[in-house]
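Chain by chain, the residues run as shown.
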Amino acid sequence: MERVCTIHSIVPQQQPLWEVELARLLVKNCAVLQIESQRPQVSLLPEHDIIINGNLIEAVQPTGQADPSRFDEVIRADGLVAMPGLINTHAHVPMVLFRGLAEDVTIDRWFNEYIWPLESNLQEEDVYWGMMLGLAEMIRAGVTTVADHYFYMDRVAQAVERAGTRALLGWAIFSSNGEAMIERTADFAQEWNGAAEGRIRTILAPHAPYTCTDDYLRACAHKAKQLGLGIHIHAAETMDQTNASLAKNGRTPIQVLEQTGILDVPTIIAHACGALPEDITLLSRYEVGIAHAPKTYLKLAMDLTPIQQCHEAGIPVGLATDGAVSNNTLNLWESLRLMSMLQKDRAGTPEVMSIPEALYMATRESARVIGMADSLGAIEAGYLADVILLDLSGLHHQPLHSVTASLVYNTEIHDVHSVIVDGKVIMRDRELLTIDSAETVVQASAAMERLAQRQPNRRIQTYNP
Ligand SMILES: [Zn+2]
């Protein structure tokens, strides 16, 4: 059970918050959120230190045992709550450029009249600045890892490298790109897998069964197997897609994934809202994780991922934002809240999706979806040091009877105080250390101006599942 931890104040002003001294990183005197590995149960360890050595957590121990003079850097975290950095299991981050441009339209019009015409004019420099803008937004929100699925991914990788975050990157491709593009994206995947001191991992990313032929999916699966990589793909996004696929060829989109060999490699599926019960049984036989992006589903009037059925079948479901044209932010706290409340609403009882369950999904389970269950999603010795510090002293948390309830239902992005990724501080006391946000906003706006001036390009896709 959670121990109630009242946070009276943050650090007194006269004390320096950061004292740079010697070799390792000591996060001193915070309340550490502990999430059990096997079942959703959470607790808080008040007045604890987190000892970070290189990119790993070395120990979590009561404050006072470690000698601060033995550390390179000491973060005074009095009154702050430490939890694992959030993991966005499915996004198209550079789409922040188009935020607000496709509103109040059906999913068909969203793709055909807005997104694909806009994307057909994108150039790699636009993608880079869109990625930088989205990374800045995510760091501020405490999102330390993203599984991103977009274009010009070498530029996306450069942005991640510069921002200091963690990412699983896949270059989105369609059959209309041709077979050569599979090789191009495989080259990207090989070049960048393990880059940025291991913070970047790669994956292949055929877009969806309705935009890739069976042969194309087979070729992607073959290439992924050959390279020892996984696949990140959209499938059964809506029940309409599942029905259209059944009407067209008698198979559900999930069955198409199985028949084309996609499921023979570890697979992330976005969003499986149209998964039938037999699809879930099928998926339970494979190494599959599902990305759940509830705000997109609400905005585009889609169905919901059948989370409860997935859990009963042992399939992990992680939190996601999807792109900012359907979200309209990259704020995973909002996804967490919507996920939790939608489950209660649809089940007709507030007793489902408890706070520990929601926090488990946001951390350990999301790590499992992206294939990092043993190294991400917990503050424990041996895990990667991706830690966020939250300041819950704001009025919207007071009186603070339950930290974990506040984390699920009340937390806003400005409550994120500091962010550590791979043992390095990338946001300190709400100041971004790796991204110049003013420059990034200017560059992203300039990218949109350039894009608006380009001649309409040949659209590579039509949404017609
Ligand atoms: Zn998507």
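Before reading further, recall that the structure is shown in the block above.
The structure displayed is predicted, hence computed values, not measured ones.

Conventions and cut-offs
- Residues numbered from 1 in each chain as written.
- Predicted model: local features only at pLDDT ≥ 70, side-chain atom pairs only at ≥ 80, totals over all residues.
- Heavy atoms only, no water.
- Helix = DSSP H or I, 4+ residues; strand = E, 2+ residues; numbered from the N terminus.
- Rg over C-alpha atoms; globule rule 2.2 N^0.38 Å.
- Buried < 20%, exposed > 50% of the residue type's maximum accessible area, 1.4 Å probe, protein only.
- Contact = heavy atoms within 4.5 Å.
- Areas by Shrake-Rupley, 256 points an atom, 1.4 Å probe, with all protein chains shown as cover.
- Lys, Arg positive; Asp, Glu negative; His and termini not counted.
- Charge placed at Lys NZ, Arg CZ, Asp CG, Glu CD.
- Donors = N, O, S within 2.8 Å, 3.2 Å for Na, K, Ca; no water.
- Tetrahedral: all angles 85-135°; square planar, octahedral: opposite > 155°, others 65-115°.
- Phe/Tyr/Trp six-rings, centres within 6.5 Å; stacked < 30°, edge-to-face > 60°.
- Pairing = 2+ DSSP bridges.
- Salt bridge = Lys/Arg side-chain N within 4 Å of Asp/Glu carboxyl O.

Chemist: Which parts of the structure should I look at to understand the overall build of the protein chain?
Modeler: Within the protein chain one finds 14 helices and 17 strands. Since a compact globule built from 465 residues should have a radius of gyration of about 23 Å, the 22 Å found for the protein chain is in line with a globular shape. Counting over 465 residues, the protein chain shows a buried share of 60%. Pairs at least 24 residues apart make up 74% of the contacts formed inside the protein chain by residues separated by at least 6 positions. For the protein chain, the exposed surface amounts to about 17600 Å²; the carbon and sulfur share of it is 49%. Of the charged side chains in the protein chain, 35 are positive and 57 negative, and the gap between their average positions amounts to 1 Å.

Chemist: How do you make sense of the coordination of the zinc ion when you look at a structure like this?
Modeler: Octahedral six-donor coordination of a metal ideally yields angles of 90 or 180 degrees, compared with 109.5 degrees for tetrahedral four-donor coordination. Within the first shell, the zinc ion binds the protein through His90 (NE2), His92 (NE2), His234 (NE2) and Asp322 (OD), at distances of 2.1 to 2.6 Å. Between the four donor atoms coordinating the zinc ion, the angles at the centre fall across 80 to 177 degrees, so the site counts as irregular. On the primary sequence, the residues serving as donors to the zinc ion are separated as H-x1-H-x141-H-x87-D. Remark: His234 occurs in strand β10 (residues 231–235) and His90 occurs in strand β6 (residues 86–91); sequence separation between them is 144 residues.

Chemist: Before we go on, may I ask you to explain the environment of Gly54 in this structure?
Modeler: Considering the arrangement of structural elements, one finds Gly54 in the loop between β2 (42–53) and β3 (56–62). Along the backbone, Gly54 and Tyr210 are 156 residues apart, and their C-alpha atoms lie at a distance of 44 Å. With residues up to four places along the chain from it excluded, the contact list for Gly54 reads Asp422 and Gly423.

Chemist: Is there a simple way to think about the packing of aromatic side chains in this case?
Modeler: Two numbers describe a pair of aromatic rings. These are the distance of the centres and the angle of the planes. What the rule picks out here adds up to five aromatic pairs. With a centroid separation of 5.0 Å and 85 degrees between ring planes, the pair formed by Tyr128 and Trp129 is classed as edge-to-face. Accessibility assignment for this pair places Tyr128 and Trp129 in one class, buried. Ring geometry for Tyr150 and Phe151: centres 4.6 Å apart, planes at 40 degrees, overall tilted. Here the aromatic residues Tyr150, Phe151 and Phe174 are joined through ring pairs into a cluster of three or more.

Chemist: Would you mind going over the pairing of β6 with me for this structure?
Modeler: Remark: a regular strand shows side chains that alternate across the two faces of the sheet. Burial of β6 is extensive: six of the six residues sit out of reach of the surface. Two strands pair when backbone bridges link them, and β6 and strand β7 (residues 143–150) are joined in this way by four bridges, in the parallel orientation. Its bridge partner being in β7, Leu86 is matched across the sheet by Val143.

Chemist: Would you take a moment to explain the environment of Glu47 for this structure?
Modeler: Along the chain, the position of Glu47 falls in strand β2. Residues Glu47 and Pro399, 352 residues apart in the sequence, show an inter-C-alpha distance of 19 Å. Not counting chain neighbours up to four residues away, the residues in contact with Glu47 comprise Asn29, Cys30, Ala31, Pro62 and Thr63.

Chemist: I'm lost on the side chain of Arg166 in this one. Help?
Modeler: With respect to the secondary-structure elements, Arg166 resides in strand β8 (residues 166–173). With sequence-adjacent residues up to four places away left out, Arg166 is seen in contact with Thr144, Thr145, Val146, Val160, Gly198, Arg199, Met372, Leu376, Leu384, Asp386, Val421 and Asp422.

Chemist: Help me out: how do you make sense of the pattern of salt bridges in this one?
Modeler: Should their charged atoms come close, side chains of opposite charge can pair. For the coordinates displayed, the defined rule picks out 22 salt bridges. With a closest N to O distance of 3.7 Å, Glu124 and Arg155 form a salt bridge. One end of the pair, Glu124, is in helix α2 (residues 124–140); the other, Arg155, is in helix α3 (residues 153–163), and 31 residues separate them in sequence. By relative accessible area, which is 40% here, Glu124 ends up partly exposed. Linking Asp264 and Lys225 is a salt bridge whose minimum nitrogen-to-oxygen distance equals 3.6 Å. Note that Asp264 is positioned in the loop between α7 (253–259) and β11 (267–271) and Lys225 in helix α5 (residues 214–227), a separation of 39 residues in sequence. Lys225 gets classed as partly exposed once you look at its relative accessible area, which sits at 47%.

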